[in-house]
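As a plain string of letters, each chain reads:
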Amino acid sequence: MPDRLLALNPPIVEHIEVGIFVVNKQFEVQLWNQFMVSHSGHAANDVLSRNLFDLFPELPRKWLEKKLNSIFLLKNFSFVSWEQRPYLFRFPHNRPVTGGVDFMQQSCTFMPLRNEQGQVDNICALLYDMTDVAIYQRQLQSAMCQLEETNNRDSLTGVFNRRYTLQRLLSEADRARRYRTPLSLLMFDLDRFKQINDTLGHLAGDEVLRMCGRHISALLRESDVFGRYGGEEFIIVLPQTDLDGVSLLGERLRREIEQLPIVIESQAIHITASFGGACWQDAMYEIEDLIQVADLALYQSKHAGRNCVTVA
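Residue positions within a chain follow its written sequence, with the count starting from 1. Totals for whole chains, interfaces and linings use all residues, but because this is a predicted model, local features are given only for residues with pLDDT of at least 70 and pairs of side-chain atoms are given and counted only at 80 or more. As a rule here, side-chain values cover all heavy atoms of the structure and leave hydrogens and water aside.

What counts as a helix is a DSSP run of H or I of at least four residues, what counts as a strand is a run of E of at least two, and both are numbered from the N terminus. Every helix has an expected span of 1.5 Å times one less than the residues it contains. The terminal C-alpha atoms of helix 6 (residues 61-74) lie 20 Å apart, and with 14 residues this matches the ideal 20 Å at 1.5 Å per residue to within 8%. Here's how the labels work: a residue is buried when its accessible area is under 20% of the maximum for its type, exposed when over 50%, partly exposed in between, all with a 1.4 Å probe on protein chains only. Taken as a whole, helix 6 has its buried residues at Leu64, Lys67, Leu68, Ile71 and Phe72. Across the axial projection of helix 6, the buried residues extend over an arc of 135 degrees, all falling on one side. Those residues of helix 6 that are exposed and angled more than 90 degrees off the buried face are Lys62, Lys66, Leu73 and Leu74. Note on definitions: a residue-residue contact is assigned when non-hydrogen atoms from the two residues lie within 4.5 Å. Each element contacted by the buried residues of helix 6 is listed here: strand 1 (19-24), helix 5 (52-55), strand 3 (78-80), strand 4 (106-114) and strand 5 (120-129). Positive backbone phi, approximately 60 degrees, marks lysine 75, located one or two places after helix 6. Our arc is simply the arc of the directions from the helix axis toward the C-beta atoms.

Dropping the structure here:
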């Protein structure tokens, strides 16, 4: 190790909780502090004057060589956050596996080191353990996503609420207009639902809504948006679906609801639903136009005796 690099190795360098190593233009290790020893399992005497990439073939060689060569050329500092590249070395960590992090998350600072002639012939890398920050940020993001998901869900049935469903309908309508792709809407209403509430109570009615919501959700595509429109009325946004498709789906769901086994306090409950479907048309300007057509079709199903599907 050159004498001037020895000056970089006071006791604080050995005991600081930051990884510090130095490489020359041949990527040979010139300094390797105790942090690097502890986490890599390689003693300083075993790595000094050896090629970094020979020692650690798992390093992102192409990226790191380009990064180091640019620092030799431009003589500027460089910083890489763990959010850009989660880690440089595959160092283990001692955090719980529930944190969802396989290796120590690392941020790196690369500093050019000049010789007596002012030329950069070595680079000092500082490696910071950011694992705790990464885990906390992931937990925060997960909590925020869960909160957003909760805000988008109907508290009783677990399907999407009216506000979110209409937002998605608006965005899908914009997509359908832009790319001239089909978009359909299917509305359904549980027949004579008031009788269930009146005879068995609202708790029984709530359980019927929950079971219906869970069952229908399992039958839909991932791209479909299933929401509670209000009371016992539900709405399904169907991207890439034409009028024939919405008719077939409506009939399938009608049969599924009719055959849905519901038992509450040892009493079997038989339910049916009426469906109304509509497809987005060029003449429509607002999503309310599509909703109105589907709602009218649903009304026609009710008027025709219930437990049927009408598309318009």
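Another point: the sheet that holds strand 1. The rule for pairing is simple: two strands pair if DSSP sees at least two bridges between them. Spatial strand order, 2-1-5-4-3: five strands in an open sheet with antiparallel pairing. Looking at which strands have only one partner, the edges of the open sheet turn out to be strand 2 (29-32) and strand 3. Averaged over all pairs of adjacent strands, the angle between strand axes in this sheet comes to 15 degrees, irrespective of strand direction. Strand direction decides the pairing type here: strand 1 and strand 5, joined by six bridges, are antiparallel. In the sheet register, phenylalanine 21 faces strand 5, and the bridge partner there is alanine 125. All axes here are fitted lines through C-alpha atoms, helices being fitted over the stretch that makes contact, and every angle between N-to-C directions spans 0 to 180 degrees.

Residue position: leucine 249 is located in helix 11 (residues 243-258). Residues contacting leucine 249, with those up to four places away along its chain left out, are Leu186, Leu220 and Leu238.

Taken in spatial order, the five strands make up an open sheet running 7-8-6-11-12, and their pairing is mixed. Sheet topology places strand 7 (225-230) and strand 12 (309-311) at the edges, where each strand pairs with a single neighbour. In this sheet, neighbouring strand axes are inclined to one another by 20 degrees on average, regardless of whether the strands run parallel or antiparallel. Relative to strand 11 (residues 273-279), strand 6 (residues 183-190) runs antiparallel, the two sharing seven bridges. The residue bridging leucine 186 from the neighbouring strand is glycine 277, located in strand 11.

Within the secondary structure layout, glutamine 106 lies in strand 4. In the structure, glutamine 106 is positioned 23 residues away from glutamate 83 in sequence and 8.9 Å away in space, judged by C-alpha atoms. Ignoring sequence-local partners within four residues, the contact set of glutamine 106 consists of Ser81, Trp82, Arg85, Pro86, Tyr87, Leu88, Phe89, Phe91, Leu127, Tyr128 and Met130. A distance of 2.9 Å separates a polar side-chain atom of glutamine 106 from the backbone nitrogen of leucine 88. Engagement of the side chain of glutamine 106 in a polar contact is seen with the backbone oxygen of phenylalanine 89, the distance being 2.7 Å. Polar contact is defined as a pair of N or O atoms within 3.5 Å, subject to the rule that within protein one atom must be able to donate a hydrogen and the other to accept it, and that residues adjacent in sequence are counted only when both atoms are side-chain atoms.

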